[in-house]
Amino acid sequence: ELPALSTIPNISPGKQRPLPSDRYTGLLLGNNNLKTIKGLAEVAGSLLTNPPEQVKWLDLSFNGLTTIDKTILSFPNISVLYLHGNQIEQLDEVKKLSQLRHLRRLTLNG
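What counts and how
Residues numbered from 1 in each chain as written. Predicted model: local features only at pLDDT ≥ 70, side-chain atom pairs only at ≥ 80, totals over all residues. Heavy atoms only, no water. Helix = DSSP H or I, 4+ residues; strand = E, 2+ residues; numbered from the N terminus. Buried < 20%, exposed > 50% of the residue type's maximum accessible area, 1.4 Å probe, protein only. Areas by Shrake-Rupley, 256 points an atom, 1.4 Å probe, with all protein chains shown as cover. Salt bridge = Lys/Arg side-chain N within 4 Å of Asp/Glu carboxyl O. Pairing = 2+ DSSP bridges. Axes fitted to C-alpha atoms, helices over the stretch in contact; angles between N-to-C directions.

An account of the overall build of the chain is requested, with residue identities and associated values reported.
Scanning the chain for helices and strands turns up two helices and four strands. Reading the secondary structure of the chain in the N-to-C direction produces β-α-β-β-α-β. Considering the chain as a whole, with its 110 residues, one finds that 41% of them fall into the buried category. As displayed, the chain has an accessible area near 6500 Å², and 49% of this comes from carbon and sulfur atoms.

The structure is reproduced here in structure tokens:
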């Protein structure tokens, strides 16, 4: 599961308000030492006025991910996904992304 929002350095629930839907269609969660993305759709729903289905880009770079959880499929319209700087080593993990039909840019290096 994701750490509590208050433990993610770049997110503070007491200071965050939903972001205007016309300006923000992505989540910047890089450099947060996340080990999993389970529960990410719920976190996104609490931070954005857009539902996860409308998120277009997701930055999960430089965390501690070793797998790609099926939660990523809660964001079917992602066109940009940054996963570089994690420890994803198995090609089978990357194959899970084939269901993201709008994915056009993916980083996995590092």
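Next comes the rest of the write-up.
Pulling in residues and values, what's your account of the pattern of salt bridges?
In the structure shown here, the tally under the stated rule is two salt bridges. Taking the shortest distance from any N to any O, the salt bridge between Lys95 and Asp92 comes out at 3.6 Å. Taken together, the residues Lys95 and Asp92, both in helix 2 (residues 91–95) and three residues apart, mark about one turn of the helix. The exposure classification of Lys95 matches that of Asp92, with both residues exposed. A salt bridge links Lys96 to Glu93; the nearest nitrogen and oxygen atoms lie 2.7 Å apart. When its relative accessible area of 13% is taken as the criterion, Glu93 is described as buried.

Give me the lowdown on the sheet that holds strand 2 (residues 57–59), citing residues and values where you can.
Here we have four strands laid out as an open sheet, ordered 1-2-3-4, and parallel in their pairing. Pairing within the sheet leaves two strands with one partner each, and these edge strands are strand 1 (26–28) and strand 4 (105–107). Mean inter-strand twist for the sheet, computed between neighbouring axes without regard to direction, equals 5 degrees. Bridge count between strand 3 (residues 80–82) and strand 4: three bridges; the pairing is parallel. From the neighbouring strand, Val80 faces strand 4, where its bridge partner is Arg105.

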